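Letter by letter, the chains look like this.
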Number of protein chains: 2
Amino acid sequence: MVAQRPSFVVLGGGGFIGTNLCRQLAASGYRVRAFGRRRLFPDDLPGVEWCQGDFTDAGAVAAAIQSSDIIFHLIHATMPQAANLDIAADVQNNVVPSIALLELCRELAVKRVVFVSSGGTVYGCPQQIPTPETATTQPICAYGISKLTIEKYLALYQHLYSLDYRVLRITNAFGPFQIALKNQGVVAALIARALNGEPIEIWGDGSVVRDFVFVDDVADALGKAALGDHGGQRIFNIGSGRGHSLREVIAAIETLLGRRLKIEWKPRRSIDVPVSVVAIDRARECLDWVPKTSFEAGLQKTIEWGRQRRFDIERLFP
Amino acid sequence: MVAQRPSFVVLGGGGFIGTNLCRQLAASGYRVRAFGRRRLFPDDLPGVEWCQGDFTDAGAVAAAIQSSDIIFHLIHATMPQAANLDIAADVQNNVVPSIALLELCRELAVKRVVFVSSGGTVYGCPQQIPTPETATTQPICAYGISKLTIEKYLALYQHLYSLDYRVLRITNAFGPFQIALKNQGVVAALIARALNGEPIEIWGDGSVVRDFVFVDDVADALGKAALGDHGGQRIFNIGSGRGHSLREVIAAIETLLGRRLKIEWKPRRSIDVPVSVVAIDRARECLDWVPKTSFEAGLQKTIEWGRQRRFDIERLFP
């Protein structure tokens with residue numbers, strides 16, 4: 001007799017991390033359903049069932065998660081910068097439907113919710129680098145507050161209704177299937193512009209330090225978070241544990257490409273913390289996870305993918 | 001030349017703490033406007049301008065706070081227990097309009113927002129007793145999460161727009177003008193039922209320990225939080241710093257009244273943490289505040305007020 005394998009739903013399965021996660025789960029032979037407003041790369045999700053819908057549509061979400069064991073919650077309807085511009089809308093579009101999701105998961109007896117939180121924003125300006133999960137959480141952007149608030153509701157549903165959960169506070173993920181739009185994904189943006197010979201706008205003087213983690217390693221961490229008891233820990237930083245300044249990122253890409261990037265420097269944004277690097281000891285110890293791809297190897301893979309795909313942004317977003 | 005005295009608006013000025021605060025501010029000669037759905041004791045707010053309105057009505061809130069310097073935010077539309085029953089509604093009715101309030105305060109150049117948070121729920125099950133402001137905040141009820149979330153948005157508006165704020169994490173306040181309804185205010189409920197010779201339901205076995213603080217001291221702390229720089233601190237626990245079990249509260253009231261209370265014991269609720277006592281060192285040092293009324297003296301004053309007013313609940317809530 002063989003134990004039945006769990007079935008997965010990836011909310012936000014059509015996005016950057018979601019596409020990578022769905023591909024990795026499907027390649028491992030799991031039954032995977034993806035839900036979202038759209039797939040960035042519809043042809044690259046073979047064997048993945050697709051459910052089109054809006055996260056604020058409770059009926060669509062219910063239909064998507066029905067009869068599944070593990071729910072990955074990767075949806076955030078607002079970009080970090082945009083969240084600050086309409087903070088109430090950020091709450092309406094992310095916190096409120098996340099509560100509705102938890103209510104559904106409770107009713108449908110879902111086994112676990114794995115939530116993608118933000119290692120770069122929930123801590124705010126960290127007092128300790130690398131920052132452990134136990135550090136003070138004082139976000140300086142609305143995006144970080146709504147991520148943190150959803151974490152709190154996950155803990156509440158666990159407390160009140162024994163709905164199991166994991167939170168992965170992911171830092172700056174990069175890699176294939178990231179799109180270079182909407183002011184996110186600086187690595188994708190840099191590589192795409194470089195390959196197209198276009199200039200790129202960078203906010204600040206390039207001294208900000210971020211923790212870049214390759215998306216294969218992120219998908220690996222999500223898979224590990226779905227199963228197992230993890231020594232009772234539920235919240236994990238997922239990053240490389242090492243910082244790279246934006247200038248270092250630019251230099252590394254220039255070295256790999258053998259050409260200079262055209263940068264247009266812009267004023268610093270108030271939501272940018274100077275340094276964000278997370279401690280990943282807990283993930284190493286309890287999740288049995290370490291990032292396997294070096295920064296340079298990840299950049300090289302991303303460049304190769306970009307060369308094949310040409311980062312054809314216009315085609316993706318007509 | 002005399003510096004102009006600041007003008008105050010008390011959102012929730014018709015409620016228990018609000019009534020006490022308005023009375024104290026007006027008695028000190030300040031210009032005070034109170035805003036809320038209703039006044040529990042309309043005859044007891046002489047010299048206080050009253051603005052009737054709902055907190056979710058942005059126009060009404062804007063009219064109330066216009067041309068005022070300091071805004072006290074005491075409104076929470078949901079009781080702790082009810083918040084868990086409809087968590088999304090708790091967010092809609094409290095977090096979302098609080099964001100709208102901050103947006104208004106920013107537009108109207110309000111000098112400071114003083115927010116009443118919850119010392120008994122934002123920490124969850126505290127790992128340290130008495131609990132300092134620096135402790136982990138892991139609420140185990142929706143009420144605590146929305147209070148904490150509003151705290152985070154206050155910090156965000158300070159960071160983004162330099163809107164000054166103070167947060168008072170108040171424990172179990174008791175005293176005159178508290179009403180013994182809606183499962184809140186156990187001291188008022190006990191005294192009211194005792195004076196009326198009625199039985200009272202108590203959840204749990206009476207072993208839960210709470211930090212009871214007399215409402216005059218709370219109003220005093222709010223007044224102090226409105227002015228001054230407080231050594232750069234913005235978040236303060238306001239309590240007695242000492243714990244009393246519910247059984248001790250019952251015994252103390254029985255001693256003061258010289259009669260036995262009729263208790264109907266009910267099962268424990270999952271939102272009740274076993275012990276909640278806050279450390280008040282920061283308020284002592286930076287707010288120049290200490291609670292002046294002993295627990296017994298506070299109970300005595302509350303009983304005297306109750307005897308005069310007869311806690312006529314039916315008349316208050318027809």
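What you see is a predicted model, and the numbers here were worked out from it, not measured in a lab.

**Q** What is the right way to look at the overall build of chain A in this model?
**A** The helix and strand inventory of chain A stands at 11 helices and 13 strands. A globule of 318 residues ought to have a C-alpha radius of gyration of about 20 Å, and chain A, at 19 Å, matches this closely. When its C-alpha atoms are laid out on the principal axes, chain A stretches across 55 × 45 × 40 Å. Here chain A holds 318 residues, and 59% of them are scored as buried. Expressed as a percentage of contacts within chain A between residues at least 6 apart in sequence, the contacts between residues at least 24 apart total 78%. Of the accessible surface of chain A, which amounts to about 13,200 Å², a share of 48% is contributed by carbon and sulfur atoms. The positive charge centre, built from 35 side chains, and the negative charge centre, built from 32, are 2 Å apart in chain A.

**Q** Could you clarify how one ought to interpret the sheet that holds strand S2 (residues 31-36) of chain B in this entry?
**A** Backbone-to-backbone hydrogen bonds join strands into a sheet, with any given pair of strands oriented parallel or antiparallel. Residue and element names in this part refer to chain B. Pairing is parallel in the open sheet, where seven strands are placed in the order S3-S2-S1-S4-S5-S6-S11. At either end of the open sheet lies a strand with only one pairing partner, and these are strand S3 (48-52) and strand S11 (235-238). Pairwise comparison of adjacent strand axes, ignoring direction, gives a mean angle of 20° for this sheet. Bridge count for strand S4 (residues 70-73) against strand S5 (residues 112-118) is four bridges, and the pairing is parallel. Across the sheet, residue Ile71 finds its bridge partner in S5, namely Val113. On the sheet, helix H4 (residues 87-107) packs against strand S1 (7-11), S4 and S5 and is oriented at approximately 175° with respect to S4. Strands in contact with helix H5 (residues 142-161) are S5, strand S6 (165-170) and S11; relative to S5, the strand with the most contacts, it is inclined by about 160°.

**Q** When you look at the interface of chain B and chain A in this model, what are you seeing that I'm missing?
**A** Interfaces are often sized by the accessible area lost when the parts come together. On the chain A side, the residues contacting the 27 residues of chain B number 27 residues. Counting the surface chain B buries against chain A, the share from its top three residues, B:Ile87, B:Ile145 and B:Lys152, is 24%. For the pair chain B and chain A, the interface holds zero salt bridges. Where chain B packs against chain A, one counts four residue pairs in polar contact (both at pLDDT 80 or more).

**Q** Where do I start with the pattern of salt bridges in this structure?
**A** All names here are of chain B. This structure, assessed with the given rule, holds 30 salt bridges over all chains. For Glu151, the salt bridge goes to Arg169, with nearest N and O atoms at 2.7 Å. You can see Glu151 sitting in helix H5 and its partner Arg169 sitting in strand S6, a full 18 residues away along the chain. Arg169 shares its class with Glu151; the two are buried.

**Q** Any chance you could explain the environment of A:Lys266 here in plain terms?
**A** All names here are of chain A. With respect to the helices, strands and loops of the structure, Lys266 is situated in strand S13 (residues 263-266). Residue Lys266 is classed as partly exposed on the basis of its relative accessible area of 32%. As a C-alpha pair, Lys266 and Glu201 span 65 residues in sequence and 6.6 Å in three-dimensional space. Excluding anything up to four places from it in sequence, Lys266 contacts Glu201, Ile202, Trp203 and Gly204.

**Q** What am I meant to see in the relation of the copies chain B and chain A here?
**A** Relating one copy of the chain to the other requires a rotation about an axis plus a shift along that axis. Laying chain B over chain A is done by rotating through 180° and shifting 0.0 Å along the axis; what remains is an RMSD of 0.0 Å. The transformation just described matches what one would write down for a two-fold rotation axis. Scanning chain B for the C-alpha nearest the rotation axis identifies B:Thr149, at a separation of 3.2 Å. A share of 100% of the interface residues of chain B reappears at the interface of chain A, consistent with the copies meeting face to face through the same patch.

**Q** Help me understand the pairing of S1(B) in this model?
**A** A regular strand places its side chains on the two faces of the sheet in alternate fashion. All names here are of chain B. Along S1, five of the five residues are buried, which leaves the element largely enclosed by surrounding structure. Burial of S1 is two-sided: the residues Ser7, Val9 and Leu11 facing one way and the residues Phe8 and Val10 facing the other way are all buried. Sheet topology note: the S1/S2 ladder contains five bridges and is parallel. Looking across to S2, one finds that Ser7 is bridged to Arg31. Both S1 and S4 contribute to a ladder of four bridges, which runs parallel.

**Q** Teacher, can you tell me more about the packing of aromatic side chains here?
**A** By convention here, two paired aromatic rings are described through the distance between centres and the angle between planes. Applying the stated criterion across every chain, the model contains 20 aromatic pairs over all chains. Look at B:Phe8 and B:Tyr30: their rings are 4.8 Å apart centre to centre, the planes differ by 80°, and that puts the pair in the edge-to-face class. Of this pair, B:Phe8 sits in strand S1 while B:Tyr30 sits in the loop between helix H1 (16-27) and S2, placing them 22 residues apart in sequence. Taking 5.5 Å as the distance between ring centres and 35° as the angle between the ring planes, the aromatic pair formed by B:Phe8 and B:Phe72 counts as tilted. With B:Phe8 in strand S1 and B:Phe72 in strand S4, the pair connects residues that are 64 residues apart, well separated along the chain. Of the aromatic side chains, those joined through ring pairs into one cluster are A:Phe174, A:Phe212, A:Phe214 and A:Phe295. Above the face of the A:Tyr30 ring, A:Arg5 is positioned so that its terminal group lies 3.9 Å from the ring centre.

**Q** Explain H1(B) here, please?
**A** Along an α-helix, a turn takes 3.6 residues, which lines up residues three or four apart on a common side. All names here are of chain B. For H1, spanning 12 residues, the distance from its first C-alpha to its last is 17 Å, which sits close to the expected 16 Å at 1.5 Å a residue. Every buried residue of H1 is listed here: Phe16, Ile17, Gly18, Thr19, Asn20, Leu21, Cys22 and Leu25. Against the buried residues of H1 lie S1, S2, S3, S4, strand S7 (172-174) and helix H7 (215-226). Among the residues trailing H1, Gly29 stands out with phi positive, at a value near 90°.

**Q** Looking at this model, I keep getting lost on the packing of helix H2 (residues 58-65) of chain A against helix H4 (residues 87-107) of chain A. Mind explaining?
**A** Axis angle and axis distance: for two packed helices, these are the angle between their axes and the distance between the axes, and together they describe the pair. Residue and element names in this part refer to chain A. Two elements in contact, H2 and H4, have axes whose closest approach is 10 Å; the angle formed by their N-to-C orientations is 40°. The orientation of H2 relative to H4 falls into the category oblique. Both H2 and H4 take part in a crossing whose hand is right-handed. Judged by residue contacts, Ala58, Val61, Ala62 and Ile65 of H2 engage Leu101, Leu104 and Cys105 from H4. Here the contact of H2 with H4 is composed, by residue class, of seven nonpolar, no polar and no charged.

**Q** I would appreciate a short explanation of the packing of helix H6 (residues 186-196) of chain B against helix H10 (residues 295-309) of chain B in the present structure.
**A** All names here are of chain B. Interhelical geometry of H6 versus H10 gives an angle of 50° and a closest axis separation of 10 Å. Classed by the angle they form, the pair H6 and H10 counts as oblique. Considering how the two elements wind past one another, H6 and H10 form a crossing that is right-handed. Across the interface between the two elements, Val187, Ile191 and Leu195 from H6 touch Leu299, Thr302, Ile303, Gly306 and Arg307 from H10. Among the residues making up the contact of H6 with H10, the classes are represented as five nonpolar, two polar and one charged.

**Q** I'm lost on the nonpolar core in this one. Help?
**A** Side chains of a nonpolar character, in soluble globular proteins, are inclined to be buried together. In this structure, A:Leu11, A:Ile65, A:Tyr153, B:Leu11, B:Ile65 and B:Tyr153 are the most contacted members of the largest nonpolar core, which totals 80 residues. Not counting residues within four places of it along the chain, the set of residues in contact with B:Leu11 comprises B:Phe35, B:Phe55, B:Ile65, B:Ile71, B:Phe72, B:His73, B:Leu74, B:Ile75 and B:Leu101. Ranked by size, the runner-up nonpolar core spans 45 residues in total, among them B:Ile179, B:Val215, B:Leu222 and B:Ala225.

**Q** Mind showing me how you'd approach the confidence of the model for chain A here?
**A** When pLDDT is low, close inspection of the predicted coordinates is not appropriate. Residues and elements named next belong to chain A. Summarising the model, chain A shows a mean pLDDT of 92, and 94% of its residues fall at 70 or more. Of the regions scoring below 50 in pLDDT, residues 313-318 engages in 10 contacts with residues more than four places distant in sequence or in other chains. Taken together, the chains of this predicted complex give a pTM of 0.94 and an interface ipTM of 0.92.

Definitions and cut-offs
Residues numbered from 1 in each chain as written. Chains lettered and ligands numbered in written order. Predicted model: local features only at pLDDT ≥ 70, side-chain atom pairs only at ≥ 80, totals over all residues. Heavy atoms only, no water. Helix = DSSP H or I, 4+ residues; strand = E, 2+ residues; numbered from the N terminus. Rg over C-alpha atoms; globule rule 2.2 N^0.38 Å. Buried < 20%, exposed > 50% of the residue type's maximum accessible area, 1.4 Å probe, protein only. Contact = heavy atoms within 4.5 Å. Areas by Shrake-Rupley, 256 points an atom, 1.4 Å probe, with all protein chains shown as cover. Lys, Arg positive; Asp, Glu negative; His and termini not counted. Charge placed at Lys NZ, Arg CZ, Asp CG, Glu CD. Pairing = 2+ DSSP bridges. Axes fitted to C-alpha atoms, helices over the stretch in contact; angles between N-to-C directions. Buried area = accessible area lost by both parts, 1.4 Å probe. Salt bridge = Lys/Arg side-chain N within 4 Å of Asp/Glu carboxyl O. Polar contact = N/O pair within 3.5 Å; in protein donor to acceptor, adjacent residues only side chain to side chain. Least-squares fit on C-alpha atoms with pLDDT ≥ 70 in both. Phe/Tyr/Trp six-rings, centres within 6.5 Å; stacked < 30°, edge-to-face > 60°. Lys NZ or Arg CZ within 6 Å of the ring centre and 35° of its normal. Expected span 1.5 Å × (residues − 1). Parallel < 35°, antiparallel > 145°, perpendicular 65-115°, else oblique. Left-handed = near helix turned anticlockwise from the far one by under 90°. Nonpolar A, V, L, I, M, F, W, Y, C, P; charged D, E, K, R; others polar. Core = buried A, V, L, I, M, F, W, Y, C linked by side-chain atoms within 4.5 Å. pLDDT = per-residue confidence, 0-100.

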